[in-house]
Amino acid sequence: MKIFFAGTPEIAVKSLEKIADAGAGKFNICGVLTNPDRPQGRNNKIVFSPVKKAALALNLPLYQPETIDSNFISAIKSLNPDILVTFAYGKIFKKEFLSIFAKETLNIHPSLLPKYRGPSPITAAILAGDSETGITIQKMALKMDSGDIVKQIKFPLTGKESASSLEEDVAEKSALLITEVLADIAAGNSSSMPQDHSLASYCSFVKKEDGLINWNEKTVQIERKFRAYRPWPGIFTYWKEKLIAITECYAAPESPDAIHQNILPGTVAFADKNKGIFIKTADSFLVVTKLKPQSKNEMDFKSFLNGSKDFIGSVF
């Protein structure tokens, strides 16, 4: 069977590599589709996507069209592909493109569909404080993430995951799952079941401004945002009209005592030389141990306080 793979970010690389490694005559990758190269950073340096780097290393045919137009569709149709496998490619496919695949069009989605349809299911699971998450291999449909479920696995969350650590775990598990599905299809043992659309929930693209801390939220909500938005966009606040990114923090393990219960949320209440800076939230404290002031390097809380004597007592 000929597999055409579409993906862009790091999370998709393991699946591409695993399919290529597992082929051994059962199936082969006839092409890889990824987003065009984009300039990044202050110097506008052209950067290859992680999937492009992997495809080049595997010596696979690579496609990077700006749009999925009729010329591109004709080119891929000439490959006589059997199956489309897509994982976080970043664009929506239309019916004309999906129709060229003889056997199946599959999408790897890192949630327990129909929960968290959309572009940021890993972030959404952490923000919600879910005790478990999963990976779904679904048939592609014209409506986002609404296709029939081919295979699904679930696994527990510890409550300590960041978006980056959970993505690494999902990448490994997805690679194993998609190769199992492809083997089932090759053996004629594949089946699927429709989603219960009444249970669908949705997540949206993460934006830079999502990382701005609302100190009127509870500590657990802010701590979840810290993990969910790590590494990007991170969480941050403003002091003296300059951005301060909080790069390491944790929820205070104890409830505020009577002295601190009525402090205004957003107040830098005090610092403990062994624990960190205690900032009041709606119900408790966020303890900050590392910060990155605007236009400066990351530093531990002691170094920051040494250069910011008036920080304690400030209100964000």
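Residues numbered from 1 in each chain as written. Predicted model: local features only at pLDDT ≥ 70, side-chain atom pairs only at ≥ 80, totals over all residues. Heavy atoms only, no water.

**Student:** Describe the nonpolar core, with residues and values.
**Tutor:** If you look at the biggest cluster of nonpolar residues, it comprises 60 residues, and the most contacted ones within it are Leu-16, Ile-19, Val-85, Leu-106, Leu-182 and Ile-277. Residue contributions to this core peak at 8 residues, all from helix H6 (residues 163-187). Judged by nonpolar contacts, the second largest core, of 15 residues, contains Ala-6, Cys-30, Ile-73 and Ile-76. (Core = buried A, V, L, I, M, F, W, Y, C linked by side-chain atoms within 4.5 Å. Buried < 20%, exposed > 50% of the residue type's maximum accessible area, 1.4 Å probe, protein only. Helix = DSSP H or I, 4+ residues; strand = E, 2+ residues; numbered from the N terminus.)

**Student:** Break down a negative patch on the surface for me, with residues and values.
**Tutor:** Judged by side-chain charge, Glu-10, Glu-17, Glu-167 and Glu-168 come together as a negatively charged surface patch. Assignment of secondary structure puts Glu-10 in the loop between strand E1 (2-7) and helix H1 (13-22). Glu-10 sits in the exposed class, given a relative accessible area of 54%. (Patch = residues over 30% accessible without salt bridge, like charges linked within 9 Å, V, L, I, M, F, W, Y side chains within 5 Å. Areas by Shrake-Rupley, 256 points an atom, 1.4 Å probe, with all protein chains shown as cover. Salt bridge = Lys/Arg side-chain N within 4 Å of Asp/Glu carboxyl O. Lys, Arg positive; Asp, Glu negative; His and termini not counted. Charge placed at Lys NZ, Arg CZ, Asp CG, Glu CD.)

**Student:** An account of the pairing of strand E6 (residues 83-87) is requested, with residue identities and associated values reported.
**Tutor:** Of all 5 residues in E6, 5 are buried; the element is thus mostly enclosed. Along E6, one buried face is formed by Ile-83, Val-85 and Phe-87 and the opposite face, lined by Leu-84 and Thr-86, is buried too. One ladder, built from 5 bridges, connects E1 with E6; its direction is parallel. Each bridged residue has a counterpart across the sheet, and for Ile-3 the counterpart in E6 is Ile-83. Pairing between E6 and strand E7 (residues 104-109): 4 bridges, direction parallel. For Thr-86, the partnering residue across the bridge sits in E7 and is Asn-107. (Pairing = 2+ DSSP bridges.)

**Student:** Run through the packing of H1 against H6, naming residues and quoting values.
**Tutor:** Two elements in contact, H1 and H6, have axes separated by 8 Å at closest approach and are oriented at 40°. With respect to their mutual orientation, H1 and H6 come out oblique. As for how H1 packs across H6, the hand of that crossing is right-handed. Note on element contacts: H6 touches H1 through Ala-171, Glu-172, Ser-174, Ala-175, Leu-176, Ile-178, Thr-179 and Leu-182, opposite Lys-14, Ser-15, Lys-18, Ile-19 and Ala-22. Looking at the contact of H1 with H6 residue by residue, the classes come out as 7 nonpolar, 3 polar and 3 charged. (Axes fitted to C-alpha atoms, helices over the stretch in contact; angles between N-to-C directions. Parallel < 35°, antiparallel > 145°, perpendicular 65-115°, else oblique. Left-handed = near helix turned anticlockwise from the far one by under 90°. Contact = heavy atoms within 4.5 Å. Nonpolar A, V, L, I, M, F, W, Y, C, P; charged D, E, K, R; others polar.)

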